[in-house]
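Examining the three-dimensional arrangement
Each chain, letter by letter, is given below.
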Amino acid sequence: MTTTPPDTQRARHPVLKILGGIALALLLLILFWSWDWFVPLVNSKATTLLHRKTTIAHLHVHLGRVTTIKVDDLRIEQPKTFEKEKDQFAQAKSVTVSVDVWSYLWHRTLHLPLIALEQPTADIIALKNSLNNYTFTEDGKPAKTPTKQDASSSTSLPDIGELRITDGNLHVKYDPLQADMQVAVQTTPPQGNDRGTLHLQAKGRYAQQPITARFIGGALLSFVADKEPYPVDLTVQNGPTTATLKGDVVHPMSFAGAHLKLHFAGPDMSLLYPLTGVPIPRTPAYTITGNLDYSQSHILFKEFEGKMGTSDIGGTIELDPHQKPMNVQADLHSRQVNLVDLGGFIGAKPTETAAEKKQDAKSKTVLPDTPINIPRLNAINAHVTYHGAHIENKQLPLDNIDTEFFITNGEIDLKRLNFAVGHGTLASSATLKPDGSLFDTTARIDFARIDLARVMQATTNSKARGIIGGHMTLKAKGNSIASLMAAGNGGLTLVLDQGGDITAILPDILGLQLGNAILTALGLPAHTDIKCFIADMPLRNGIVSTNTLLLETGEARTLGRGTINFKTNTLDYSLTTRSQNPTIASLPGAFNITGAIKSPTVLPGAEILGRAAAAAGLGFVFPPLALLPTIQLGVGDNSRCSRAVQAVNDNPAAGIAPGSLSHAVGTKGSVAPANPHHANGNHKKTSGKAPATKLHEGRMTPAEVRAAWNAKLKKQGKN
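Thresholds applied
- Throughout this document, residue positions are counted from 1 along each chain, in the order its sequence is written.
- Where local features are concerned, this predicted model is filtered to residues with pLDDT of at least 70; where side-chain atom pairs are given and counted, the filter is 80 or more; whole-chain, interface and lining totals use all residues.
- Remark: hydrogens and water are excluded; side-chain values derive from all non-hydrogen atoms of the structure.
- The helix count covers DSSP runs of H or I at least four residues long, the strand count covers runs of E at least two residues long, and both are numbered beginning at the N terminus.
- When a residue's accessible area, from a 1.4 Å probe over protein chains only, is under 20% of the maximum for its type it is buried; when over 50% it is exposed; and in between it is partly exposed.
- In this description, contact between two residues means that some pair of their heavy atoms is separated by no more than 4.5 Å.
- Computed with the Shrake-Rupley method and a 1.4 Å probe, the accessible areas treat only the protein chains shown as cover for residues.
- As used in this record, nonpolar core signifies buried Ala, Val, Leu, Ile, Met, Phe, Trp, Tyr and Cys residues forming a set joined through side-chain atoms within 4.5 Å.
- For salt bridges, the criterion is a side-chain nitrogen of Lys or Arg within 4 Å of an Asp or Glu carboxyl oxygen.
- Surface patches are drawn from residues lacking salt bridges whose relative accessible area is over 30%; two like charges belong together within 9 Å, two nonpolar side chains (Val, Leu, Ile, Met, Phe, Trp, Tyr) within 5 Å.
- Geometry of aromatic contacts follows a simple scheme: Phe, Tyr and Trp rings, the Trp one being its six-membered ring, pair when their centres are within 6.5 Å, and the pair is stacked under 30 degrees between planes, edge-to-face over 60, tilted otherwise.
- Being paired, for any two strands, means DSSP has found at least two bridges between them.
- Multiply 1.5 Å by the residue count of a helix minus one, and that product is the helix's expected span.
- The predictor reports its confidence for every residue as pLDDT, a score running from 0 up to 100.
- Under this rule, positive means Lys or Arg and negative means Asp or Glu; His and the chain ends count for nothing.
- Distance and chemistry together define a polar contact, namely a pair of N or O atoms within 3.5 Å, with one atom able to donate a hydrogen and the other to accept it when in protein, and with adjacent residues in sequence counting only for side-chain atoms on both sides.

Here we look at the overall build of the protein chain
Secondary structure summary: the protein chain contains 17 helices and 34 strands in total. The buried share of the protein chain, reckoned over its 719 residues, is 41%. Considering only contacts within the protein chain whose residues lie at least 6 apart along the sequence, 50% involve residues at least 24 apart. Of the roughly 39,700 Å² that the protein chain leaves accessible, carbon and sulfur atoms contribute 58%.

Overview of the nonpolar core
Generally speaking, a soluble globular protein has its nonpolar side chains buried in company with each other. If you look at the biggest cluster of nonpolar residues, it comprises 64 residues, and the most contacted ones within it are Phe264 and Ile401. Every residue in contact with Ile401, bar those within four places of it in the chain, is listed here: Val337, Leu339, Leu342, Tyr386, His387, Gly388, Ile391, Leu417, Asn418 and Phe419.

Considering the pattern of salt bridges
Opposite charge on two side chains lets them pair, provided their charged atoms get close. Per the counting criterion, the structure on display carries eleven salt bridges. In this structure, a network of salt bridges that share partners links the residues Asp402, Glu404 and Arg416.

Concerning a nonpolar patch on the surface
Residues Trp102, Tyr104, Leu105, Trp106 and Leu110 make up a contiguous nonpolar surface patch of about 580 Å² in total accessible area. Take Leu110: it is sitting in the loop between helix 3 (101–107) and strand 5 (111–112).

Remarks on the packing of aromatic side chains
The tally for this structure, following the rule as stated, stands at six aromatic pairs. On the numbers, 5.8 Å between centres and 45° between planes, the contact of Phe264 with Phe301 is tilted. Remark: Phe301 occurs in strand 18 (residues 299–308) and Phe264 occurs in strand 16 (residues 257–266); sequence separation between them is 37 residues. Among the residues examined, Phe301 registers a relative accessible area of 10% and is labelled buried. Site record: aromatic cluster; members linked through ring pairs are Phe264, Tyr286, Phe301 and Phe304.

Some words on the pairing of strand 18
Bridge analysis of strand 17 (residues 286–294) against strand 18 gives eight bridges, and the strand direction is antiparallel. Within the sheet, the bridge partner assigned to Leu292 lies in strand 18 and is Phe301. Connecting strand 17 to the next strand, strand 18, in antiparallel fashion are four residues. Connecting strand 18 to the antiparallel partner strand 19 (residues 311–320) that follows it, the hairpin turn spans two residues, and Gly309 within it adopts a positive phi of roughly 65°.

Quick notes on helix 2 (residues 39–50)
With twelve residues, helix 2 should cover 16 Å at 1.5 Å per step; its first-to-last C-alpha distance of 16 Å lies within 8% of that length. One or two positions beyond helix 2, positive phi appears at His51, with a value near 60°.

Focus: the confidence of the model for the protein chain
Scored by pLDDT, the protein chain comes out at a mean of 74, with 65% of its residues at no less than 70. Every residue in residues 606–621 scores below 50 in pLDDT, and together they form 41 contacts with partners more than four places removed in sequence or on other chains. Overall, residues 651–700 carries pLDDT values under 50, and its contacts beyond four positions in sequence, including any with other chains, amount to 79 contacts.

Considerations on the side chain of Asp312
The topology assignment puts Asp312 in strand 19. The side chain of Asp312 is buried and forms no salt bridge, while Arg335, the nearest opposite charge, is found at 4.2 Å. At a separation of 2.7 Å, a polar atom in the side chain of Asp312 contacts the main-chain amide nitrogen of Gln336. Ignoring any residue separated from it by four or fewer positions in sequence, one finds Asp312 in contact with Gly306, Lys307, His333, Ser334, Arg335 and Gln336.

Side note on the pairing of strand 2 (residues 58–62)
Burial along strand 2 is one-sided: the residues Leu59 and Val61 are buried and none of His58, His60 and His62 is. Between the end of strand 2 and the start of strand 3 (residues 66–76), which pair antiparallel, lie three residues.

A few points about unusual backbone geometry
Each neighbour pair has its own omega, and for Lys324 with Pro325 the value is -5°, a cis peptide bond. Relative to the elements of secondary structure, Pro325 occurs in the loop between strand 19 and strand 20 (326–337). One non-glycine residue, His51, lies in positive phi territory at about 60°. Here His51 lies in the loop between helix 2 and strand 1 (54–55).

Considering the environment of Asp451
Here Asp451 is to be found in strand 25 (residues 438–451). Judged by relative accessible area, which is 28%, Asp451 ranks as partly exposed. Those residues in contact with Asp451 that sit more than four places away from it in its chain are Gly466 and Ile467.

Observations regarding the environment of Ala486
With respect to the helices, strands and loops of the structure, Ala486 is situated in helix 9 (residues 481–486). It is 8.5 Å that separates the C-alpha atoms of Ala486 and Ala476, two residues lying ten residues apart in sequence. If we ignore the near neighbours within four places in the chain, the residues touching Ala486 are Asn541, Gly542, Phe566 and Lys567.

Spelled out as structure tokens, the structure:
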């Protein structure tokens, strides 16, 4: 029998011990292994990467062909600039990531079948100084915009199978938009070919208005994958404004377009500015629906239709948000439009409360003094066209509206604002250049063959008739119609041909009390027809003076002179009536209208002033022949006003040529002497000079006539 030498047995014993020790160590390592040993390393690396303290409580790894890594109690603190915030920047009860190791080893592609976040929260903050807490830079400031080279060298996102979020919650505070809201986040799992959905519920404040929003969309990964249209279902309630957006987005990452239906409604379109970034003046209640599309450079809201107040509104709006300021192109139309609904676009209030009406009644101004309020002109550059096919308005007899304007660097250029009135046209243009809180304004309005019957029937249900023509110009600096007129330069030239019954016009135009007072003072027979009315009145520094004021009826011719002061809202005016028929002798001389425009005083002439009034009437400036082109273009050829101008210049009813007292030359090139007897048909030649007194020269001003009248009243009172 052979036995092993003792020395050989002793030689193998140490090897067995070593192998046994290794096996035991491996067994103990397997039994007592903890991935938490790597937690300090993970915390250190994550803190360095995110530039803010980051910790996890536990690390779990399940090895296999698909390896699962899970961390518990993830906490990411605020950066140093936001360390006073009470909440963590982000945290989650757990974060799970599964990795397909086999796919990476064999195909070198990183496939993550699952990323799951359980009870994640985040506190997202952006300040008005562009500082935010979600830019992961060393200094906490926003990262620079990547260059094209950086973008091309960046790695693509991994292939993620499912992003699962359970009971997520975000706090978003975005000061530039005055937003502060809580957002609940939840996802649903994939089913078949459906990759699941993303649900968001938001509540808080946006643009200083309470906001609630609900969003249901495709899985977030579907948006990133950019392979199929991404479904969108969004409802937003911001203050009183409601908006819904439904449809799908085509290749969202490449801005390939969208098939979205946008609907929004509310009490005032100006409230849309915080939501859209487009400043819109005040409007009445509205509801609008249209198609929303976009590309890399433009946002298009097209083929929209809706209601704004009692008007319908439709068209297309194209935005280029990449330009500074934003560029807006709008082509709008209405089939039926009430101009009251468009009041906000010219600074008026779409609706006026009882208190505002009461305040307007107390105002001393006769013109609107509401400041022109066209908001945030520097926020956009715009080109807008609008056509209203038919105007429905009980107060304005306009048939349609056609307008085009530009807004460029805060300046408004109104190319046209035209209205059709029967066979006539009311056309205007203007430029408004902002100067602080004021507008440096230049405007022109042209009246061409406007039917007065249309105007009066719409405004007062009057039976007045006639054709109106002329123009108005204004150059001024102000912030309301009243302030523009009070500082304005320009003037008004207006012609009324075949004006119909004077008793149907003056009380309605001037107000019942003032109109009837003037009719009484004029002494004209009842129901006298107006053959012609001409007013040529320049405006200088807010004060209207008179070049020409002529009212011709079948029996008489009335001439006027004086001023209307829009600075003080007062007038100082005189009217003188002269018979065109020697059989009528009851017509009085001059009378004066003075005081506040809203409630003036009418002082009729008296016998003691009869001769002075008659002479003063001769001093009024008669219509020059230069007005003929305006008359012919404004009311038509062969008008009664055209013939009246010729008659006044050829054979003035007062018996003198216009140039005698107005320094104008008559049609025959001579200056006729002043002879009041011509008014009675007594054409006597005169010789010598007229008495060198204001009374007999006819140069008494309205103030002097009024002073003489007051003196007479005092004298009568003493007697």
